[in-house]
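# Coordinate inspection notes
As a plain string of letters, each chain reads:
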Amino acid sequence: MNVAIIGCGQTNHRSRRLDVSAPELIDEAVQLALSDARIGPDGIDAIVVGNMEHFEGIHLSDLWAVEGTGGVGKPQIKVATGGTTGSSLAQAAYYLVASGFYRTVMAVGWERLSDSEGETTTGIVTAFDPIYERPTLAGAVSGLAILACQYQAKFKTRAEDAALVVVQARENAARNPHAHLTKPVTVADVVKSPLLSSPIRYLDMCPTSDGACAVVFTSDPGDRKSAWARGVASRHNHTYLGDVAEGSADFKHTLKLAAAEAYRLAGMSNPRKEIDVVEMYEPCTWAALDWAEALGLCGPGEAAGLWASGATRLDGDIPVNPSGGVLCTNPIGATGLVRVAEAAMQVRGIAGARQVDGVETAMATGFGGSFWNEVMILGAKP
Amino acid sequence: MKPVSILGVAQTKHCARRDDANYMELAFEVIQDLFRKTGWSHDRVDTIISASSDFWDGRTISEIAIQDPAGAPGKSASKVSMDGAFALIYAAARIASGAFKTCLVVAHGKASEGEPRAIANAGFDPLFQRPIGIDDHTALGLQARRFLEKRGMLGSVLAEAAAQSAAAAAKNPNAHRRAAKHVLAADPLHEDEIAPDSDGACALLLGEGGPVELAGFGCATDAHQLGERDLGDPGVLPRASLEAHRMAGVREVDVAEIHDASSAQTLLWREGLGLPERVALNPSGGAMGAQPGFATGLVRVAEVCERLARGEGRTGLAHGMTGFVGQAHCVWILRRRS
Amino acid sequence: MSEPIAVRATPELHFRYAAGRYGSLFLRGLGEGRILASRCARCPRTLVPPRVACTHCFGKMEEIVEVPPRGTLLAFTLVAFPFLDPFTGVQRPIPYCYGMVQFEGTDNTFQYFLSEKDPSKLRVGQRVEAVFNEVRKGELGDLLHFRALE
């Protein structure tokens, strides 16, 4: 069964939303999605929700949030897979509709990282083996620093090359009212910012945000502006971080596999030409370079040149993250879903000041766990 | 729904503490047992859906622990952070969508590694309920008291129901052997009237052409605040049950396995499901016989499946829940293929 | 509206993680100053730390072997930002260096501390060796760090 996205809602993501409780924050996104989809709460047959419990310290957070999701009396299923939570929600909603189980499913993701009082890294450390890997790991920052170290050693990429990714991301974020960090930065700002975990500096890394996102999937869009799911793929990875880049694999191995599968499903042979815009889950500048290559946007070691050429800009021939991406906004349980929402808005032509001209096909990616990846390709036609 | 059937099931023996197995080893044990029973192997599995609790495991993204034993690397996988009975909905959807032919479903829970009461407390509203020290057991006590008062029953019915479950569990080689005492735990519930905290895992294989098919399901979520529900009623359970029966086109089942976290729930959920006296309820002992976290509901599905496959009835019902005193219910109807 | 209220909660949750059968072997091995790996003869794969499931065929790793306490540094980082250690609840001492080391005769990497604190003195491909504590207790800390051999 073909599945379309007909409604997207997201909060204005900020560093701290003390004015609302979690259910109230979620409700903001849900109401926007319903209104965008032009349906009432009764039009939603089931809900998939996602949030990472350890960040807020709330067990069964989905069941606490039920007043915000509108899930009372309805089927509500929680999917929580780390950084990929949002993209996993989109995929779960997709399969629940594609199966014919439900006609219309809403995916809802949120995070209030401010609730963890700056200890997001503490939570992420616990994702890995308690005995072998937690003592050394410094969360996503150091995990990605290992990727950056290998990428840098392989291609002799300079810190200034990577910095360009966030410079462009901030330029785009300034056009996005939902984005969290919108202040322009320069390459000099990035390479002078405090060192977090070598070679990653403060401005190379995504922020922690409070925010929520909701997306409505349906098999029966009627005359609504729709973005159709044309390629949905996910590829997972090992239990131990020490195994991720084992043998011929590297840190982009699963993204390469997932993208190849999504391209196959969407019937694409030249994604660089056939995709009009990419919403990439880039938690740090270095990862964006590595993963642009995994998606086939350029060849190995060519990503720095791709960014420098301007091709990835809003008016370039392969715009990457017109929203400003994860580097500017990161409410973890919503982050991957925001990628899908932004890609859908591009296809539906409603992305406002960040709209890319003439989008027929958009791609959203999700990254999480032990370097696993998910891809969703959306098109203007089924 | 497009027919999705169960190709095989496996569960570990459930017990109070499995120090000999970490999560990876526990998942490995149950998945390899499943393959032994079905003659299957990882290379024939298309996708994996797991169920586990990050709080129970003391690990965010708890499914990372089972990626290798589940054969997930290089494949599409996901995790439902609810009881395995809910994960089964997503697993079945993946097959019914036509994107995958087979799905490995695996759920695990180890009560022994954390503190189940303290973890449960962290599941209540942080502003209004947590500070009063409520946990899953005290909530079960509130529910049992309300149930007895509303029905005008005496506490002895709780003891009788618990004794029946214990007798059934005694015949189940996988049940959690425990020496629960008849001492007051959460008034009016005694220790032996509350389901145990167990370590265990369950796995099943979904695909086409198995002996037992998934005929229908229903699930529904209730309000979070206990004060917004009448705990003496089965809440949204009848809604989930009706939907499952409707989808399956089944009016009455031959056997039922339910997640009863207390002996009051054994009675209350039976009522909510509308099961007549003739239906065998929890022949395995139910959750009162073993409660390995988010694997508990999937074990119910496995138990019903095995009974139907053996010819003990043609249709069966399996029930799972997540949240306190039945905030979210999931009901499956299984049917033996003729 | 007056100032919104936030309520602080610091739930204390304690865990005791089972090392399991293979992990117990590995930790006891460290106590004897040895690095143990698991081997899958079919694939073949030799992996540190030892574990039940092979990363290639996902079948049972039957054999436990000792590997030399030396290897190659494949990636490294200097951690310089403060955060609470989930084990202790207090800030982990910074800065510290750790890296991914492929032990000789193995197929994967093991993530652990490096003695060097200046990343400019480290390079990918460098030879390193494991340094053990003199007093060992059969725990991960028995392995002090890796030291550069060149």
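A brief report on the enclosed structure follows. (Residues numbered from 1 in each chain as written. Chains lettered and ligands numbered in written order. Predicted model: local features only at pLDDT ≥ 70, side-chain atom pairs only at ≥ 80, totals over all residues. Heavy atoms only, no water.)

## Some points on unusual backbone geometry
Spelled out, the test is: Secondary structure follows DSSP: runs of H or I at least 4 residues long count as helices, runs of E at least 2 residues long count as strands, and numbering of each begins at the N terminus. Here's how the labels work: a residue is buried when its accessible area is under 20% of the maximum for its type, exposed when over 50%, partly exposed in between, all with a 1.4 Å probe on protein chains only.
Note the cis peptide between Cys43 of chain C and Pro44 of chain C, where omega equals -25 degrees. Following the sequence through the fold, Pro44 of chain C ends up in the loop between β1 (35–40) and β2 (45–47). Along the chain, Ile94 of chain C connects to Pro95 of chain C via a cis peptide bond; the corresponding omega equals -5 degrees. Position of Pro95 of chain C among the secondary structure elements: in the loop between β4 (70–79) and β5 (96–103). Residues other than glycine seldom take positive phi values, yet Phe371 of chain A does so here, at roughly 60 degrees. Tracing the backbone through its elements, the reader meets Phe371 of chain A in the loop between β10 (361–368) and β11 (372–379). Residue Phe371 of chain A is classed as buried on the basis of its relative accessible area of 4%.

## Some remarks on the state of the cysteines
Residue and element names in this part refer to chain A. Inclusion rule: The definition used for a disulfide is geometric: two cysteine sulfur atoms within 2.5 Å.
Counting across every chain of the model gives zero disulfides over all chains. The closest cysteine sulfur to the non-disulfide-bonded Cys213 is located on Cys8, 6.9 Å from its own sulfur. In this structure Cys284 is a free cysteine whose sulfur lies 8.0 Å from that of Cys206, the closest cysteine sulfur available.

## A few points about the interface of chain A and chain B
Short version of the rule: Whether two residues touch is decided by their heavy atoms; if any such pair falls within 4.5 Å, the residues are in contact. Simply put, the buried area is the total loss of 1.4 Å probe accessible area from both parts when two parts are fitted together. One side-chain nitrogen of Lys or Arg within 4 Å of one carboxyl oxygen of Asp or Glu is enough to make a salt bridge. We call two N or O atoms a polar contact when they sit within 3.5 Å, provided that within protein one can donate a hydrogen and the other can accept it, with sequence-adjacent residues counted only if both atoms are side-chain atoms.
Taken together, the 54 residues of chain A in the interface contact 59 residues of chain B. It is His59, Tyr95 and Phe101 of chain A in chain A that bury the most area against chain B; as a group they hold 16% of the surface buried on that side. The tally of links between chain A and chain B comes to zero salt bridges. Linking chain A to chain B there are 27 residue pairs in polar contact (both at pLDDT 80 or more). Broken down by secondary-structure element, the contributors of at least two residues to the side of chain A that touches chain B are α2 (53–56), α3 (61–64), α4 (66–69), β3 (76–78), α5 (85–98), α6 (120–125), β8 (227–235) and β11 of chain A. The leading source of residues in the side of chain A that touches chain B is α5 of chain A, at six residues.

## Regarding the packing of helix α7 (residues 237–248) of chain B against helix α8 (residues 263–273) of chain B
All names here are of chain B. As a reminder, the rule being used: The angle between two axes is taken between their N-to-C directions and runs from 0 to 180 degrees, where each axis is a line fitted to C-alpha atoms and a helix contributes only its stretch in contact. To sort the angles, those under 35 degrees are grouped as roughly parallel, those over 145 as roughly antiparallel, those from 65 to 115 as roughly perpendicular, and the leftovers as oblique. Helix crossings fall into two classes, left-handed where the near helix is turned counterclockwise from the far one by less than a right angle and right-handed where it is turned clockwise. Classification convention: Asp, Glu, Lys, Arg as charged; Ala, Val, Leu, Ile, Met, Phe, Trp, Tyr, Cys, Pro as nonpolar; all other residues, Gly among them, as polar.
Where α7 contacts α8, the two axes come as close as 8 Å, and the packing angle between them is 45 degrees. When the axis of α7 is compared with that of α8, the two are oblique. Helix-helix and strand crossings are classified by hand; for α7 and α8 the assignment is right-handed. Contact residues: α7 offers Leu237, Pro238 and Ser241, while α8 offers Trp269, Gly272 and Leu273. Of the residues belonging to the contact of α7 with α8, the class tally is four nonpolar, two polar and no charged.

## Describing a nonpolar patch on the surface
What counts is decided by this rule: Patches draw on residues past 30% relative accessible area with no salt bridge. Two like charges within 9 Å are joined, as are two nonpolar side chains (Val, Leu, Ile, Met, Phe, Trp, Tyr) within 5 Å. To measure how exposed things are, a 1.4 Å probe is used in the Shrake-Rupley method; for residues, cover is taken only from the protein chains shown.
On the surface, a cluster of nonpolar side chains totalling about 460 Å² of accessible area is made up of Leu127 and Phe128 of chain B together with Ile5 and Val7 of chain C. Following the sequence through the fold, Ile5 of chain C ends up in the segment before α1 (20–31). Under the relative-accessibility criterion, Ile5 of chain C is labelled exposed at 75%.

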